[in-house]
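Residues per chain are reported as follows:
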Amino acid sequence: MWTMLLLISGACSNLEPPNEMNTKINDLMDQMTLEEKIGQMNLYNGFWEVTGPAPEEGDAANKYKHLKQGQVGAMLNIHGVENVRKLQELVVNESRLGIPLLFGYDVIHGYKTLAPIPLAEAASWDLEAIEKSSRIAAIEASSVGINWTFAPMVDISRDARWGRVMEGGGEDPYLGSRIAIARVKGFQGEDLSAVNTIVACAKHFAGYGFAEAGRDYNTVDIGTSTLYNIVFPPFQAAVDHGVRTIMNSFNILNGVPATGDTFLQRDLLKQRWGFDGFVVSDWGSTGEMINHGFARDASHAAELAANSGSDMDMESYAYVNHLKALVDSGKVDIATIDNAVERILKVKFELGLFDDPYKYCDPEREKELIYHKDHQNAVLDMAKRSMVLLKNETNLLPLSRGQQKIAVIGALANDKNSPLGSWRLSSDDNTAVSVLEGLKSYTDQVTYAKGADLVTAETTFINEVPINETDKSGFRDAVKLARKSNVVVMVLGEHGYQSGEGRSRTQLDLPGVQQELLEAVYEANKNIILILMNGRPLAIPWAAEHVPTILESWHLGSQSGNAIAEVLFGEYNPSGKLPMTFPRSVGQVPIFYNHYNTGRPDGLDIVFWSHYMDESNAPLYPFGHGLSYTTFDYTNLSVEVSGASKVNVKVTVTNSGQMAGEEVTQVYIRDVVASVVRPVKELKGFKKFSLEPGQSRIVEFQLTEKELGFYDNKGNFKVEPGKFEILVGTSSVEGLSGEFEI
Ligand code: BGC
């Protein structure tokens, strides 16, 4: 059957003019039965031993049969050249038309070689490095047969309780959009038909990051202004830069499940933004519309999802079981099916799967590229760029390589698993370089005491993390060690599985007995360098007040310990900036820099202003904050308006310290009076660059309509004349300010 298809398709690559590809798709669709068309809209999870005998019973047998009957368009969680080839052969050789499968996988921050978690990468504000990181992930993933990743997650979130903040670009739509573009470019490259590029998927459309109270899968209820100005921009940016797939979302958005939302999927995404790839549901989200109280049963769910523009059903069995009857009864138009199938086939053509369905199945490539040295170097570089120096009051950092005795304390310091993060499905356990290993490669003056376990039992991707809440038996040794050391490196934070999907928290403190350990060690030795290892902003007011040095390292991936050691010993000068606000207290959450002013923003002697009685409004560490071992001075801000709405901004940045370093200059504006009120600050530009000690540079930005305008409550973009305030500097709260009028 495959030969027949080859005859139709000929040599097809994405260099061909689109109309030729369309003709081929049409030819193919003319041959397809309705069942085969619906099959393309069906995405199954693979869970049996693919290279073993054909499954004979249960769900697996059913899926196997459907594969042979051409009733499956894509598989997820099948990886490894041998496995992918086996299933591709099954479909190509045994189904009537032999249409090759897509193989999807959550390649979130790498396949086996792991880069930092996406939130950590976002902290680098380094778009080139982020693009490269996704490129590396695509190269490795494509070598094991994967041709589609369910990434990037571009959900903006302001709520650190939500575990999935680790998977995104943080709280800001401008930074988030730039990162979304970098990641799409990294995964998809210049040419989707190349053997080392894979299809990207911007997810979760839309609003998932605004789950109420930070509880995963929870209701989302937000207004038009937030939707258009905060939630949508990274998706639109991904679409504008050619992302080929979009995943919808588990949540309801203003009463309608995203999976069944016609406005989102048809009106906005496909019509207004002109998205011509396909939409895939989230895992089981079609069926979950029954629980939401939107669909009566699976058939109704299939009808609502298909009609609203969800092209492919992931693991709900709703399309494969019900779409045919729905078409026969006229509830779903055949044109709806045709449109979805056309979109899916187009992506397959663009990948070049009709030229060679086994193009990602080269065992030599697989052997060569897994854990490749170049990939290790790239993720090491990315890891260094991702750390944020939150505090360095007494200049404990950088450490000298001299004879000072270094105590290393904390279970996470000796953990080779946690740095791999939450989404590391295929990476091998315990393959990260631990902090302890990293430090030991620099000096033999390192002694380790665990202090306390973080977890009490084995941890897994699917189970709750058992945290040690009681056992402090190791405190004594840790305190003793701290007392006789010159400096203490404490590695505290979250286990790798404490953030990610299904991992919401109500507390944002150091889990278990870690806070107590920190305070006990502090009593013995105040020279503490606290390395935070976590997947979300934490509320650590005590540490921020007492501990002299705090380095945010997140979950940094395979090369974690080496990267941290390089930063501690000053071989790399930290340059990261927070992509999410750190709260003082969970009660402040959601806390974010681009909030509105309120009618009562100013402090009064009496209580009637917008504040808390028991906590300040200010964050612990603001968005954009991050120190360096050197200092940067800002002078000579110039803001010139040219033409109707063009603003040229210039500022001089000088490295006024002793060490070469990188700075991220950030531009924030405020539209002072607008027909829909604008936030007190909005990021509208940033540049990352390095300066030698004493060196200066004039950094320039141009603000155009795109940066100066906003979406009104009807979703129309407008620029309104009037006064603007501007802040140019080193974080969202520190810099030179000015004003201009357009
Ligand atoms: C997640 C998606 C993911 C999918 C497939 C879902 O639970 O929400 O982000 O891509 O599973 O693994």
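The residue count restarts for each chain, going from 1 along the sequence in the order it is written. Restriction of local features to residues with pLDDT of at least 70 applies here, the model being predicted, together with a cutoff of 80 or more for giving and counting side-chain atom pairs; totals for whole chains, interfaces and linings are based on all residues. Remark: hydrogens and water are excluded; side-chain values derive from all non-hydrogen atoms of the structure.

A. Examining the overall build of the protein more closely. Helix and strand counts for the protein stand at 22 helices and 25 strands. In this treatment the radius of gyration is a C-alpha quantity, and the globule benchmark scales as 2.2 Å times the residue count to the 0.38 power. Over its C-alpha atoms the protein spans a radius of gyration of 26 Å, differing by no more than 12% from the 27 Å that the globule rule assigns to 742 residues. Counting only C-alpha atoms and orienting by the principal axes, one finds that the protein spans roughly 75 × 60 × 45 Å. For every residue, the accessible area obtained with a 1.4 Å probe (protein chains only) is divided by the maximum for its type, and the residue is called buried under 20%, exposed over 50%, and partly exposed between those limits. Residues counted as buried form 63% of the 742 residues belonging to the protein. Long-range contacts, defined here as pairs at least 24 residues apart, represent 78% of the contacts in the protein between residues at least 6 apart. Per the convention used, a helix needs a DSSP run of H or I reaching at least four residues, while a strand needs a run of E reaching at least two, with both numbered from the N terminus. Contact between two residues is taken to exist if any of their heavy atoms lie within 4.5 Å; hydrogens are not considered.

B. Spotlight on the sheet that holds strand 4 (residues 148–149). Pairing between two strands is assigned when DSSP locates at least 2 bridges connecting them. On the basis of which strands lie adjacent, the open sheet formed by five strands has the order 4-3-2-1-10 and parallel pairing. Edge positions in the sheet fall to strand 4 and strand 10 (313–314), since each of these pairs with one other strand and no more. Two strands pair when backbone bridges link them, and strand 1 (residues 42–45) and strand 2 (residues 74–76) are joined in this way by three bridges, in the parallel orientation. Opposite Asn45, over in strand 2, you have Leu76 as the bridge partner.

C. Highlighting the pattern of salt bridges. When a carboxyl oxygen of Asp or Glu lies within 4 Å of a side-chain nitrogen of Lys or Arg, that pair is called a salt bridge. This model, assessed by the stated rule, comprises 35 salt bridges. In this structure, Arg85 engages Glu89 in a salt bridge whose closest nitrogen and oxygen atoms are separated by 3.7 Å. Within this pair, Arg85 and its partner Glu89 are both found in helix 5 (residues 81–94), separated by four residues, close to a single helical turn. What makes Arg85 partly exposed here is its relative accessible area of 30%. Note on Glu89: relative accessible area 31%, which makes it partly exposed. Salt bridges sharing partners connect three or more residues here, namely Asp106, Arg164, Glu167, Lys203 and Glu501.

D. Looking closely at the sheet that holds strand 24 (residues 723–729). Reading across the sheet, the four strands line up as 20-19-24-25 and stay open at both edges, with antiparallel pairing between neighbours. If you trace the sheet from one side to the other, it starts and ends with strand 20 (682–691) and strand 25 (735–741), each paired once. The mean angle between the axes of side-by-side strands here comes to 15°, regardless of whether they run parallel or antiparallel. Summarising the sheet, strand 19 (residues 661–671) and strand 20 pair through nine bridges and their orientation is antiparallel. Opposite Ile669, over in strand 20, you have Glu682 as the bridge partner. In this analysis, axes come from line fits to C-alpha atoms, helices being fitted only over the stretch in contact, and the angle between any two N-to-C directions falls in the range 0 to 180 degrees.

E. Broad picture of the site of the ligand. Whether a residue is near a molecule or strand depends on its heavy atoms: if one lies within 4 Å, it is near. All residues in the neighbourhood of the ligand are listed as Leu76, Asp106, Phe150, Arg164, Lys203, His204, Met247, Phe250, Asp282, Trp283, Met314 and Glu501. With respect to the ligand, the side chain of His204 contributes an N or O atom lying 2.7 Å from an oxygen atom. Each accessible area is a Shrake-Rupley estimate made with a 1.4 Å probe; only the visible protein chains count as cover when residues are assessed. For the ligand, the accessible surface in isolation is 310 Å², of which the surrounding protein chains cover 93%. Two N or O atoms form a polar contact when they lie within 3.5 Å of each other; inside protein one atom must be a possible hydrogen donor and the other a possible acceptor, and for residues adjacent in sequence the pair counts only when both atoms belong to side chains.

F. Structural detail: helix 18 (residues 475–483). Here helix 18 has its buried residues at Phe475, Ala478, Val479, Leu481 and Ala482. Along the axis of helix 18, the buried positions cluster into a sector of 160°, meaning they face one direction only. Opposite the buried face of helix 18, at more than 90 degrees from it, the exposed residues are Arg476, Lys480 and Arg483. By definition, the arc is the one covered by directions from the helix axis to the C-beta atoms.

G. Geometry of a nonpolar patch on the surface. Two joining distances apply to patches: 9 Å for like charges and 5 Å for nonpolar side chains (Val, Leu, Ile, Met, Phe, Trp, Tyr), and every residue must have over 30% relative accessible area and no salt bridge. On the surface, a nonpolar cluster with roughly 410 Å² of combined accessible area is contributed by Leu604, Ile606, Val607 and Phe608. With respect to the helices, strands and loops of the structure, Phe608 is situated in the loop between helix 21 (560–568) and strand 17 (632–642). Given a relative accessible area of 54%, Phe608 falls into the exposed group.

H. Inspection of the nonpolar core at higher detail. Phe205, Phe232, Met490, Leu530 and Leu568 are the most contacted members of the largest nonpolar core, which has 127 residues in total. With eight residues, helix 9 (residues 224–240) is the single largest residue contributor to this core. With residues near it in sequence (within four places) discarded, Met490 still touches Ile409, Leu517, Leu518, Val521, Ile528, Ile529, Leu530 and Ile531. Membership of the second largest hydrophobic core comes to 47 residues, among which are Ala74, Ile99, Phe278 and Phe354. Nonpolar cores are built from buried Ala, Val, Leu, Ile, Met, Phe, Trp, Tyr and Cys residues. Side-chain atoms within 4.5 Å join them into one set.

I. Here's a closer look at the side chain of Ser485. The topology assignment puts Ser485 in the loop between helix 18 and strand 14 (487–493). Its relative accessible area of 11% is what places Ser485 among the buried residues. Polar contacts involving the side chain of Ser485 include one to the main-chain carbonyl oxygen of Leu481, which spans 2.7 Å. In this view, Ser485 contacts Lys405, Ile406, Ala407 and Asn525; residues no more than four positions away in its chain are not counted.

J. Quick peek at helix 12 (residues 298–308). Looking at helix 12, one finds that the buried residues are His300, Ala301, Ala302, Glu303, Ala305, Ala306 and Ser308. As for helix 12, its buried residues are in contact with helix 10 (262–272), helix 11 (288–292), helix 13 (318–328) and helix 14 (334–351). Trailing helix 12 by a residue or two, Gly309 shows a phi angle of about 110°, which is positive.

K. Quick peek at a positive patch on the surface. Charge counting treats Lys and Arg as positive and Asp and Glu as negative, with His and both chain ends excluded. Note on charges: their place is set at NZ of Lys, CZ of Arg, CG of Asp or CD of Glu. A grouping of Lys405, Arg476, Lys480 and Lys484 is seen on the molecular surface, where their side chains present a positively charged patch. Along the chain, Lys480 turns up in helix 18.

L. The environment of Asn196, seen in detail. Take Asn196: it is sitting in the loop between helix 8 (173–188) and strand 5 (201–205). Residue Asn196 is classed as partly exposed on the basis of its relative accessible area, which comes to 26%. Contacts of Asn196, omitting those with residues within four sequence positions, involve Arg135, Ala138, Ile139, Ser142 and Arg365.

M. Molecular detail of the side chain of Glu121. By the secondary structure assignment, Glu121 is in helix 6 (residues 118–122). The class for Glu121 is buried, based on a relative accessible area of 3%. In contact with Glu121, not counting residues within four places along its chain, are Ala115, Pro116, Ile130, Ser133, Arg183, Met382 and Ser386.

N. Structural detail: the packing of aromatic side chains. Two rings from Phe, Tyr or Trp (for Trp, the six-membered ring) form a pair when their centres are within 6.5 Å of each other. A pair whose planes differ by under 30 degrees is stacked, one over 60 is edge-to-face, and the rest are tilted. Summed over all chains, the structure comprises 27 aromatic pairs. With a centroid separation of 5.7 Å and 55° between ring planes, the pair formed by Phe205 and Trp273 is classed as tilted. In this pair, Phe205 is assigned in strand 5 and Trp273 in the loop between helix 10 and strand 9 (278–280), connecting sequence segments 68 residues apart. Exposure remark for Phe205: the relative accessible area of 0% places this residue in the buried category. Trp273 gets classed as buried once you look at its relative accessible area, which sits at 11%. These aromatic residues form a ring-pair network of at least three members: Phe205, Tyr228, Phe232, Phe235, Trp273, Tyr711 and Phe717. A positively charged side chain is recorded as over a ring if its NZ (Lys) or CZ (Arg) lies within 6 Å of the ring centre. The angle to the ring normal must also be within 35 degrees. The ring of Phe686 carries Arg178 above its face, with NZ or CZ at 5.2 Å from the centroid. Stacked on the ring of Tyr522, the Lys or Arg Lys526 has its end atom at 4.6 Å from the ring centre.

O. Structural context of the pairing of strand 5. For strand 5, a buried count of five out of five residues is recorded, marking the element as mostly surrounded by other parts of the structure. In this structure, strand 5 lies alongside strand 6 (residues 245–248), joined through four bridges in parallel fashion. Of the residues in strand 6, the one forming a bridge with Ala202 is Ile246.

P. Structural view of unusual backbone geometry. Residue Pro398 is bonded to the preceding Leu397 through a cis peptide linkage, with omega at -5°. Along the polypeptide, Pro398 turns up in the loop between strand 11 (388–392) and strand 12 (406–409). Going from Val589 to Pro590, the amide bond is cis rather than trans, its omega being 0°. Secondary-structure assignment places Pro590 in the loop between helix 21 and strand 17.

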